Amino acid sequence: MPHHKQLRLGVMVASASLALLAAGCSSPTGLSDSVEGTFIRAAPTWDLNHDGIVTCDEWRAYVSQLFKEADVNRDEKLSPDEFSRLAKVDRLFETADFKYYDAARKGYVTEADMVDRRNSAFVELDKQNTCRLTTYQLRAATVEQPKKENPAIPGSR
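First, a word on what this report is: a plain description of the structure on this page. (Residues numbered from 1 in each chain as written. Predicted model: local features only at pLDDT ≥ 70, side-chain atom pairs only at ≥ 80, totals over all residues. Heavy atoms only, no water.)

1. Some words on the packing of helix H3 (residues 56–70) against helix H4 (residues 80–89)
Moving on, step 1. Relative orientation of the contacting elements H3 and H4 amounts to 125°, with a least axis distance of 9 Å. Relative to H4, H3 is oriented oblique. Pair H3 / H4 crosses with right-handed handedness. Contact residues: H3 offers Leu66, Phe67 and Ala70, while H4 offers Glu82, Arg85, Leu86 and Val89. (Axes fitted to C-alpha atoms, helices over the stretch in contact; angles between N-to-C directions. Helix = DSSP H or I, 4+ residues; strand = E, 2+ residues; numbered from the N terminus. Parallel < 35°, antiparallel > 145°, perpendicular 65-115°, else oblique. Left-handed = near helix turned anticlockwise from the far one by under 90°. Contact = heavy atoms within 4.5 Å.)

As structure tokens, this is what we get:
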């Protein structure tokens, strides 16, 4: 019977680890915890029509909706306290934080500040300027690229 309890515990731990990975609590290989890496990891959540392509319009609609929900006093400005609500919905806003969007240092963030700020995922991955990120582009960005051997250093990788 103790063996069954250990097996059950192991399955529970493995399931919890997979759930955390799926929720984005762990960084995929190949991406740093920079603003760009955080935007790239978050991009699939902006695919509002679930067609496997994330567009700039979907990003704007996503941010606009989150802004409206966070603006509790409906003054069309997010205070630092209101902005902190965004991180509870999407961890992207822990990295791309209030200071990131309040570039003019006004002490508040407007919807335009968020919607009009260039999205780092598109800057990094959309080299053709189509305002579209495919599932392939997003997956390729999150896969660790093998290190190339340096010919000057035998056996290096």
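2. As for the packing of aromatic side chains
Moving on, step 1. Following the criterion strictly, the structure yields 10 aromatic pairs and no others.
Moving on, step 2. Seen from their ring centres, phenylalanine 83 and phenylalanine 93 are 6.0 Å apart, and the 90° between their planes marks the pair as edge-to-face. Of this pair, phenylalanine 83 sits in helix H4 while phenylalanine 93 sits in helix H5 (residues 92–95); the two residues are 10 residues apart in sequence, bridging distant segments of the chain.
Moving on, step 3. Cluster of aromatic residues (ring-pair linked, three or more members): Phe39, Trp46, Trp59, Tyr62, Phe83, Phe93, Phe98, Tyr100 and Tyr101. (Phe/Tyr/Trp six-rings, centres within 6.5 Å; stacked < 30°, edge-to-face > 60°.)

3. Notes on the pattern of salt bridges
If the charged atoms of two oppositely charged side chains come close together, the side chains can form a pair.
Moving on, step 1. Evaluation of the coordinates by the stated rule reveals 4 salt bridges.
Moving on, step 2. Among the ionic pairs, glutamate 111 bridges to lysine 68, the shortest N-O distance being 3.1 Å. Here the residue glutamate 111 occupies a position in helix H7 (residues 111–115), and lysine 68 occupies one in helix H3, the gap between them amounting to 43 residues.
Moving on, step 3. For aspartate 113, the salt bridge goes to lysine 106, with nearest N and O atoms at 2.7 Å. (Salt bridge = Lys/Arg side-chain N within 4 Å of Asp/Glu carboxyl O.)

4. Side note on the environment of lysine 106
Moving on, step 1. Topologically, lysine 106 is positioned in the loop between helix H6 (98–101) and H7.
Moving on, step 2. Residue class for lysine 106 comes out partly exposed when judged on its relative accessible area of 34%.
Moving on, step 3. When the C-alpha positions of lysine 106 and serine 79 are compared, they lie 10.0 Å apart, and in sequence the two are 27 residues distant.
Moving on, step 4. Here the side chain of lysine 106 touches aspartate 113 through a polar contact of 2.7 Å, side chain to side chain. (Buried < 20%, exposed > 50% of the residue type's maximum accessible area, 1.4 Å probe, protein only. Polar contact = N/O pair within 3.5 Å; in protein donor to acceptor, adjacent residues only side chain to side chain.)

5. Considering the nonpolar core
Moving on, step 1. Among the nonpolar cores identified, the biggest contains 32 residues, and Phe39, Trp46, Trp59, Phe83, Phe93, Tyr101 and Met114 are the most heavily contacted of them.
Moving on, step 2. Among the elements of the structure, helix H2 (35–42), H3, H4, H5, H6, H7, helix H8 (120–125) and helix H9 (135–142) are those that each provide at least two residues to this core.
Moving on, step 3. When neighbours within four sequence positions are excluded, tryptophan 59 is seen to be in contact with Phe39, Trp46, Leu92, Phe93, Tyr101, Met114, Arg117, Asn119 and Phe122. (Core = buried A, V, L, I, M, F, W, Y, C linked by side-chain atoms within 4.5 Å.)

6. Here we look at H4
Moving on, step 1. Considered for burial, the residues of H4 that qualify are Glu82, Phe83, Leu86 and Ala87. One face of H4 carries all of its buried residues, which in axial projection span an arc of 170°. Residues of H4 that are exposed and angled more than 90 degrees away from the buried face: Asp81 and Lys88.
Moving on, step 2. Tucked into the core, H4 has its buried residues touching H3, H5, H6 and H7. (Arc of directions from axis to C-beta.)

7. Comments concerning the state of the cysteines
Moving on, step 1. Evaluated as defined, the whole model comprises 1 disulfide.
Moving on, step 2. Paired by a disulfide, cysteine 56 and cysteine 131 hold their sulfur atoms 1.9 Å apart. Judged by the sign of its S-S torsion, about -90°, the bond between cysteine 56 and cysteine 131 is left-handed. With a gap of 75 residues between them, cysteine 56 in helix H3 and cysteine 131 in the loop between H8 and strand E2 (132–134) connect regions that are remote in the sequence.
Moving on, step 3. By relative accessible area, cysteine 56 is classed as buried at 9%. (Disulfide = S-S within 2.5 Å.)

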